[in-house]
Structure formats: C-alpha cells, structure tokens
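Listed below, chain by chain, are the residues.
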Amino acid sequence: MRSISNPIAELRNRVSLAAQSAGRTPDAVRLIGASKTQSPQAIARVADDGVADFGENYVNEALPKIAALNDRKLVWHFIGAIQSNKTAEIARHFQWVHTMDRLKIAQRLSRQRSASMEPLDVLIQINIDAEPTKAGIAPEALAEFATQLLPLPRLRLRGLMAIPKPTSEARRQADAFIRLRALFDAAHPAGGPHWDTLSMGMSSDFEIAIREGATMIRIGTALFGPRGARADV
Ligand SMILES: *Cc1c(COP(=O)(O)O)cnc(C)c1O
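Figured I'd write up the structure that's included with this text. Only a predicted model underlies this, so the values are computations on that prediction, with no experimental measurement involved.

## As for the site of the ligand
Then, in step 1: Taken together, Ala34, Lys36, Asn57, Ile79, Ile163, Met202, Ser203, Arg218, Ile219, Gly220, Thr221 and Arg227 make up all the residues around the ligand.
Then, in step 2: At 2.7 Å, a side-chain N or O of Asn57 approaches an oxygen atom of the ligand.
Then, in step 3: A distance of 2.8 Å separates an oxygen atom of the ligand from a polar atom in the backbone of Gly220.
Then, in step 4: Look at the ligand: alone it shows 380 Å² of surface, and the protein chains cover 89% of it.
Then, in step 5: Taken together, the residues of the shell around the ligand break down into 5 nonpolar, 4 polar and 3 charged.

And the structure:
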C-alpha cells in the first residue's frame, strides 16, 4: 500500500474523517474533481482511483477532454460562468450545472436538452457573501427564482451551490456555509421534489463544508496538485 503518497487516498481519508466527526456517513459526500487545466491523462488517473464526477469551468476547454474520456462513463458537472452562446453544448455534454443564476439561461438549457437524455440536474448559485463581482443570486431572491425554474420541463432542480468569500478565519468560513445550509433547509418544499444537493467546499475548506452539511465538494488542487495553464490554450 502506497496510500500515504497517494493524494486521492489521502483526500478520501480526510473526507471520511470530516464526515464521521460530524456524525455523517462518508457516502453522503460526493467528490467532484475540479479538473480545469488538467489534461485528459491526469483526469484518467484520478478516474482510475474511483472518482466518477468531474467539474469543468470552460466549455471550449471541456469538450475535447469529455470526448477523449468518452469510454469511461464519467459524469460531467459545469461549474463555471455560463455564456448564452454555449448553452447548447452544456445541455448536450453535461449532466449537472452548478452555476445557475439567470432565468434566460435556464430557459435555453431546458429548450436545448434532448428528450433522449435525463433532465439536466441544476443547482442555483447563491452569492452568499454579497460580493459585487461574484456570480449568483441574492439569498432573498431564491424563493422566486426556484418558482421560475421548477416548471422548466428538461431541468431538474436539485439544490444550491456557493463559493464563499475566502477567509483565513475558520469561524467566518463556517458562518457562510451555515447560512447556505439554512437557506437550503428553508427551501423545503419550495425547491421541489428533487431538492437534495448542497455543493459547497473546495480544497482549502472542504472539511468545514462537510461538517456544515455539504453533499458535494468540488476539489481541484487537493486532488490534482497545483494548476498550470489552461489545457486548451
Ligand atoms: C477551481 C474550482 C474549484 C476547486 O478549487 P480548488 O481550490 O483547487 O479545490 C471549485 N469550484 C469551482 C467553481 C472552481 O472553479
């Protein structure tokens, strides 16, 4: 066993410990490999170790990687800013979108999602720290936005995602996750019948996020090592 030097084994171990210390089962936390800038080979190595879900931020970068890894049956999550001229590709190649914050985009994705595929699983992005430059809707806008998304036939509304403002203070970090969790809980049953997913936590804060109820964590550097340049440019 070389598990000490294997970052994936070490990461899974940390996920398990964080889940157990919060009284949760490790299976309740789904690990999404944030694979921007990583090559298909690097993604394949992580997939060999049992990670089935990967998140990409840029459609142009993602498409050749998805094609190269097509035979592996991976699940692709779109976790970047959505441009309206890219929605057709997202509807066609991804199973999840974590960054929904505009009705126009949601309507396009629903229209473009093929009837032969599962509905597209969608998370609403919340701008949890009210940062002017950050994507996501305000917490107060959630109820109305969810009401607008629910009737879209080819989308399946699943829950919330946020990227809190970075801070080195553990208590402030936990606070953002606690507020997101409260918002998530309060949206039952308004979020509809599939409301079950809370995407929060990255390499620097996933243990806190798990303690506060994350069901998906998006992990880049702690899984792949440091990022280089984008893979397609
Ligand atoms: C890059 C990225 C991550 C992962 O970041 P790390 O700090 O490398 O774990 C998670 N979520 C989103 C939206 C990202 O763009």
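## Remarks on the pattern of salt bridges
Then, in step 1: Under the defined criterion, the tally for this structure stands at 15 salt bridges.
Then, in step 2: A salt bridge links Glu61 to Lys65, with the nearest nitrogen and oxygen atoms 2.7 Å apart. Here Glu61 pairs with Lys65, and both are found in helix α3 (residues 59–68), just 4 residues apart, close to one helical turn. As far as burial versus exposure is concerned, Glu61 and Lys65 are alike and both buried.
Then, in step 3: A salt bridge links Arg179 to Asp175; the nearest nitrogen and oxygen atoms lie 3.0 Å apart. With a gap of 4 residues between them, Arg179 and Asp175 both fall in helix α7 (residues 170–186), about one helical turn apart.
Then, in step 4: Look at Arg179 and you get partly exposed, because its relative accessible area is 33%.
Then, in step 5: Through salt bridges with shared partners, one network takes in Glu118, Asp121, Arg156, Arg158 and Asp196.

## Regarding the side chain of Thr197
Then, in step 1: Mapped onto the elements, Thr197 comes out in strand β7 (residues 197–199).
Then, in step 2: Under the relative-accessibility criterion, Thr197 is labelled buried at 3%.
Then, in step 3: Looking at Thr197, its side chain comes within polar contact range of the side chain of Asp196, at 2.7 Å.
Then, in step 4: Excluding anything up to four places from it in sequence, Thr197 contacts Trp96, Leu123, Arg158, Gly159, Leu160, Phe184, Thr215 and Met216.

## Observations regarding the pairing of strand β1 (residues 30–34)
Then, in step 1: Of all 5 residues making up β1, 4 are buried, and the element is well covered by its neighbours.
Then, in step 2: Relative to strand β8 (residues 216–219), β1 runs parallel, the two being bridged by 4 bridges. Bridge pairing in β8 links Gly33 to Ile219.
Then, in step 3: As defined by bridge partners, β1 adjoins strand β2 (residues 53–56) across 3 bridges and the pair is classed as parallel. Considered in β2, the bridge of Ala34 is made with Gly55.
Then, in step 4: As a crossover connection, the stretch from β1 through helix α2 (residues 40–48) into β2 is right-handed.

## Re the nonpolar core
Then, in step 1: Among the nonpolar cores identified, the biggest contains 64 residues, and Ile124 and Leu160 are the most heavily contacted of them.
Then, in step 2: The leading source of residues in this core is α7, at 6 residues.
Then, in step 3: Once residues within four sequence positions are removed from consideration, Ile124 is found in contact with His98, Met100, Ile137, Leu142, Phe145, Ala146, Leu149, Leu157, Gly159, Leu160 and Met161.

## As for unusual backbone geometry
Then, in step 1: Backbone torsion omega between His188 and Pro189 reads 0 degrees, so that peptide bond is classified as cis.
Then, in step 2: Despite not being glycine, Lys73 has its phi angle at roughly 55 degrees, a positive value.
Then, in step 3: Tracing the sequence through the fold places Lys73 in the loop between α3 and β3 (75–78).
Then, in step 4: At Ala130, a position not held by glycine, the phi torsion is positive, near 50 degrees.

Reading the values: rules and limits
- Residues numbered from 1 in each chain as written.
- Predicted model: local features only at pLDDT ≥ 70, side-chain atom pairs only at ≥ 80, totals over all residues.
- Heavy atoms only, no water.
- Near = heavy atom within 4 Å.
- Polar contact = N/O pair within 3.5 Å; in protein donor to acceptor, adjacent residues only side chain to side chain.
- Areas by Shrake-Rupley, 256 points an atom, 1.4 Å probe, with all protein chains shown as cover.
- Nonpolar A, V, L, I, M, F, W, Y, C, P; charged D, E, K, R; others polar.
- Salt bridge = Lys/Arg side-chain N within 4 Å of Asp/Glu carboxyl O.
- Helix = DSSP H or I, 4+ residues; strand = E, 2+ residues; numbered from the N terminus.
- Buried < 20%, exposed > 50% of the residue type's maximum accessible area, 1.4 Å probe, protein only.
- Contact = heavy atoms within 4.5 Å.
- Pairing = 2+ DSSP bridges.
- Right-handed = clockwise from strand over helix to strand, strands pointing away.
- Core = buried A, V, L, I, M, F, W, Y, C linked by side-chain atoms within 4.5 Å.

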